[in-house]
Amino acid sequence: MIRCKLLGNHKNAGDFKVRLTDDDEQKVREELGLGESTAGPAFVLRDLLAKLNSIIPASIPLEMKIAVVREHRVNIRTHCPEYFDDASKVYLLRAGPLAAGKRPREETLRKLYMLDVPREDIAALIRNLKGIRWTTYWTASVPATDKFAEIFAKVAGVPVNA
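Remember, predicted model here, so these are calculated numbers, not experimental data.

The next subject is a nonpolar patch on the surface. On the surface, I2, L6, V18, L20, L49, L52 and I55 cluster together into a nonpolar patch covering about 600 Å² of accessible area. Structurally, I2 is set in the segment before β1 (6-9).

As a volume, the largest pocket reaches approximately 2,800 Å³. Taken together, 46 residues make up the lining of the largest pocket; nearest its centre are L6, F16, V18, I56 and Y83. When contributions to the lining of the largest pocket are tallied by element, the ones reaching two or more residues are β2 (15-18), α1 (22-32), α2 (45-54), α3 (62-71), α5 (106-109) and α6 (119-132). Surrounding the second largest pocket, I76, R77, P81, F84, D86, A87, K89, V90, K111, M114, L115 and W138 form its lining. For the lining of the second largest pocket, the class distribution of residues is 8 nonpolar, no polar and 4 charged.

Along the chain, the position of V28 falls in helix α1. Here V28 falls in the buried class, since its relative accessible area comes to 17%. Here the alpha-carbon distance between V28 and T78, two residues 50 residues apart in the chain, equals 20 Å. Residues within four places of V28 in sequence aside, it is in contact with I2, F43, L45 and L48.

The rules we used
Residues numbered from 1 in each chain as written. Predicted model: local features only at pLDDT ≥ 70, side-chain atom pairs only at ≥ 80, totals over all residues. Heavy atoms only, no water. Patch = residues over 30% accessible without salt bridge, like charges linked within 9 Å, V, L, I, M, F, W, Y side chains within 5 Å. Areas by Shrake-Rupley, 256 points an atom, 1.4 Å probe, with all protein chains shown as cover. Salt bridge = Lys/Arg side-chain N within 4 Å of Asp/Glu carboxyl O. Helix = DSSP H or I, 4+ residues; strand = E, 2+ residues; numbered from the N terminus. 1 Å grid on protein atoms, 1.4 Å probe; cavity = no way out; pocket = protein on both sides within 12 Å on 5 of 7 lines; lining within 4 Å. Points joined across faces, edges and corners; volume = space filled by probe spheres on them. Nonpolar A, V, L, I, M, F, W, Y, C, P; charged D, E, K, R; others polar. Buried < 20%, exposed > 50% of the residue type's maximum accessible area, 1.4 Å probe, protein only. Contact = heavy atoms within 4.5 Å.

All quantities given are derived from atomic positions and should not be read as evidence of function.
Right, dumping it as structure tokens:
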């Protein structure tokens, strides 16, 4: 995995840029099994990235995001813990309201993707949490019982204007 900054702004039409170094290009070449061959067409990283960029969908359904994160959860936990709020706290504790005007943080809700619960249920919970402006709270200690069903039922019963 290449670690690099993603530069951009969601408010600026979602236009993001990645700056890769020569070392990054070398890592891509190694991953693709490309040497410094002089025969055949030249490998141009910018062309490869442009082709990849053109096939990235504008949006991905939440259920698909959950499936992909689960499929790669070991690598994500190892290499990307900063994309999850308090990454060491992985046990669902409770859900509760946020202060007026606040919205749940994606970094906190993303932890739900890792739970061994049907992805449709996780997606429904996330949509409900966002709708009622609640968030989830997590702990590093293994709880005595699984809290998902209790939290799912609680959140489903809260009016949207809560």
